[in-house]
Every structure is written in structure tokens, then in C-alpha cells.
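# Descriptive analysis of the structure
Letter by letter, the chains look like this.
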Amino acid sequence: MARLNPWRGTVLGLAALYFLVPLAASVVFTVEVPGRGVTFDAYSQILSTDGFGSSLLLSLELAAATIALVLLLMVPAVVALRLGAPRLRPVVEVVCSLPLVVPPIAYVAGIATVLKWGPDHLSRTLLFQTFVAVQNPDFPFVLVLAYVVMALPFVYRALDAGLRAIDVRTLVEAARSCGAGWPQALLRAVLPNLRGALLNAAFLTLALVLGEFTVAQLLGFRPFAVWIYGIGGSQAQLSVAVSVLSLLVTWALLLALAGAGGRTRTAPSRG
């Protein structure tokens with residue numbers, strides 16, 4: 001049985017304390033009411049609170065659209081980059097990493113400036129209706145576009161790691177030799193071997209969209225993170241309770257993803 005390195009155990013213990021102590025304090029804050037003792041009213045009120053369902057549904061819709069769009073853009077791009085232009089990989093890596101160094105406040109200021117072009121300069125053109133449509137409060141597609149850019153660093157890293165673990169060129173050439181076109185080769189030969197990378201990219205994008213606040217708030221929309229902030233001023237316990245549940249759900253998704261990825265890696269060795 002492998003022995004745990006003392007330093008590794010110390011680091012893991014400190015990391016556990018760093019994450020679990022604030023979480024435990026948050027849970028205590030949500031269930032302890034002065035003069036009443038322990039109560040779970042904050043959790044029982046979540047589903048009936050005004051705006052909870054609509055804001056959560058909006059965030060999930062935005063997350064689904066963002067995941068679909070960013071994968072539709074990045075999967076063919078990274079595969080083509082690896083097959084046809086590997087020397088451009090450092091350039092693409094730098095470009096995809098730019099959202100990490102651009103402050104969100106500067107990013108949203110740029111988006112707001114572009115959105116002002118609609119009424120200021122394009123009111124008499126057909127593009128004006130496009131500017132109006134992407135800002136529809138029921139489904140603000142402008143947030144999807146913003147989140148796609150913000151998710152690029154994480155999606156690129158996940159897909160690049162997945163592609164490094166497989167021989168993409170051999171898979172594509174084998175599929176092509178069997179008569180498959182490029183779309184079929186990508187769908188039937190490459191994507192099944194990228195299942196773990198796709199799951200990682202999708203989960204990271206989901207976590208990003210559910211937790212993003214700055215862009216949505218400054219553009220005037222109300223997804224889940226903004227809703228939590230809005231109720232925090234008047235219902236602090238409820239706000240923290242929702243945050244705790246969101247964190248627990250995120251951890252559950254991460255554990256499920258890790259389990260799915262582990263089964264995917266061990267499946268070929270069963271034969």
C-alpha cells in the first residue's frame with residue numbers, strides 16, 4: 001500500500017481547511033437563527049422565492065447555448081490546427097488566452113460601446129434589428145457571445161490536452177481510407193476519442209456561465225448570479241443558502257465528470 005507523503009498530506013489538509021471552513025461557516029449562517037436555534041427555513045424558501053426559477057432557467061439556457069457554440073467553433077479549429085498548421089499552435093494559444101488578461105470591466109465596456117452603435121449609427125439599416133434581437137431580455141444572445149470569448153482559454157486547454165492524448169492524424173487517415181468525408185471523420189473517428197476533453201470543456205463552460213456576474217450585471221440582465229446578488233441585500237440567509245446549494249451541485253457535477261472520464265479511460269483495457 002502506497003504511503004502518503006507527509007508534505008503532500010499537509011498540503012491536502014490545508015487545502016481542505018481552506019475550502020471546507022468557509023463552507024461550514026456559510027452553512028451555519030444559513031441554519032442558525034438567533035432566538036430560534038437551528039432552522040432550515042432558508043433552504044425551504046428557495047424554490048418559492050420570486051425570480052429563482054426564471055433566473056436559473058435563463059442561466060442554464062445561456063450555458064447550453066454557450067457550450068454548443070464554443071464547441072462548434074473550437075473542435076474543428078483545434079483539429080484543423082493540429083493536422084494542417086501545427087506551427088500556428090503558439091499563436092492560437094496566445095489568442096485564446098487573451099480573455100484571461102483582459103479585465104472583465106474593460107471587456108464589458110467594449111461590449112456596451114459596440115451595442116450603442118445600433119441606435120447611434122445603424123437605426124436606419126437592417127442591422128439595427130439584429131442589435132435589438134441580441135439584447136432580448138428573455139434570452140440575451142449577447143451574453144452567449146460574451147461567454148464564448150470568456151470560455152476560450154478553458155475550452156482550448158481542455159481540447160488541446162485531449163488531442164495530445166490521441167493520434168488524430170492516424171484516426172482521420174483511417175476514416176478517410178474507409179470512404180468517410182471530413183465531417184464524418186471528425187464525428188465518427190475523432191469526437192468519440194475526445195469524450196473526456198469535451199466533458200471537461202462543457203463543465204468548465206457551465207461553471208463559468210453559472211457564476212459570471214460582472215458582464216451580466218453591467219449589461220442590465222438578470223441571470224442566476226445576478227439574482228443571487230440582488231436578494232443578498234434583503235435576504236442574506238437565503239442568498240447564502242442558494243450559493244451553498246449551487247456550490248454543492250457544482251461539486252457533484254465535477255465528481256460525476258471525473259467518474260465518467262475515469263470510465264472512459266479504462267474502457268479500452270477491458271477487451
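Each chain carries its own residue numbering, running from 1 in the written order of its sequence. Only residues with pLDDT of at least 70 get local features here, since the model is predicted, and only at 80 or more are side-chain atom pairs given and counted; chain-wide, interface and lining totals rely on the full set of residues. The basis for every side-chain value is the complete set of heavy atoms in the structure, and neither hydrogens nor water enter the calculation.

A few words on helix α8 (residues 168–177). Accessible area is worked out with a 1.4 Å probe on protein chains only. A residue is then buried under 20% of its type maximum, exposed over 50%, and partly exposed in between. We count a stretch as a helix when DSSP gives it H or I for four or more residues in a row; a strand needs E for two or more, and each element gets its number in order from the N terminus. Those residues of α8 that fall on the buried side of the exposure criterion are V168, V172 and A175. Projected onto a plane normal to the axis of α8, the buried residues spread over an arc of 65 degrees and lie on a single side. Pairs of residues are marked as contacts when any of their non-hydrogen atoms sit within 4.5 Å. Looking at the buried positions of α8, the neighbouring elements they touch are α3 (52–84), α7 (141–164) and α9 (182–190). The reported arc concerns the directions from the helix axis to the C-beta atoms and nothing else.

Here we take up the environment of G9. With respect to the helices and strands, G9 occurs in helix α1 (residues 6–31). As for G9 and E173, which are separated by 164 residues in sequence, their C-alpha atoms are 46 Å apart.

Moving on to the packing of α3 against α7. Running from N to C, α3 and α7 cross one another at 45 degrees; their axes reach a closest spacing of 8 Å. Between α3 and α7, the angle falls in the class oblique. The handedness of the crossing between α3 and α7 comes out as right-handed. Here the term charged refers only to Asp, Glu, Lys and Arg, the term nonpolar to Ala, Val, Leu, Ile, Met, Phe, Trp, Tyr, Cys and Pro, and the term polar to all other amino acids, Gly among them. In terms of residue class, the contact of α3 with α7 is made up of 22 nonpolar, one polar and two charged. The axes are straight lines fitted to the C-alpha atoms, using for helices just the contacting stretch, and the angles between their N-to-C directions are given from 0 to 180°. By definition in this entry, angles of less than 35 degrees are roughly parallel, angles greater than 145 are roughly antiparallel, angles of 65 to 115 are roughly perpendicular, and the rest are oblique. In this scheme the crossing of two helices becomes right-handed for a clockwise turn of the near helix relative to the far one and left-handed for an anticlockwise turn of less than a right angle.

The geometry of an aromatic ring pair is captured by two quantities: the separation of the ring centres and the angle between the planes. Two aromatic rings, drawn from Phe, Tyr or Trp (for Trp, its six-membered ring), form a pair once their centres lie within 6.5 Å of each other, and the interplanar angle then sorts them: stacked below 30 degrees, edge-to-face above 60, tilted otherwise. One pass over the structure, following the stated rule, counts five aromatic pairs. Considering the side-chain rings of Y18 and F19, the 5.3 Å spacing of their centres and the 90 degrees angle between planes classify their relative orientation as edge-to-face. Like Y18, the residue F19 is exposed in the burial classification. A ring pair is formed by F224 and W227, whose centres lie 5.9 Å apart and whose planes are at 15 degrees; its orientation type is stacked. Taken together, the residues F224 and W227, both in helix α12 (residues 224–232) and three residues apart, mark about one turn of the helix. Taking relative accessible area as the criterion, F224 reaches 6% and is therefore assigned buried. An aromatic cluster of three or more residues is present, and its members are F52, F224 and W227.

So, about the pattern of salt bridges. By convention in these notes, a salt bridge is any Lys or Arg side-chain nitrogen within 4 Å of a carboxyl oxygen on Asp or Glu. Applying the stated criterion to the full structure yields four salt bridges. Two residues, E93 and R89, come together in a salt bridge whose shortest N-O distance is 3.7 Å. Placement of the pair is E93 and R89 together in helix α4 (residues 89–101), with a separation of four residues, close to one helical turn. Relative accessible area serves as the criterion here: at 18%, E93 is assigned to the buried category. Close ionic contact of D160 with R164 constitutes a salt bridge, the shortest N to O distance being 3.3 Å. A residue pair is termed a helical-turn pair when its members lie 3 or 4 positions apart in one helix, as D160 and R164 do in helix α7 at four residues. One salt-bridge network, in which partners are shared between bridges, spans R89, E93, R157, D160 and R164.

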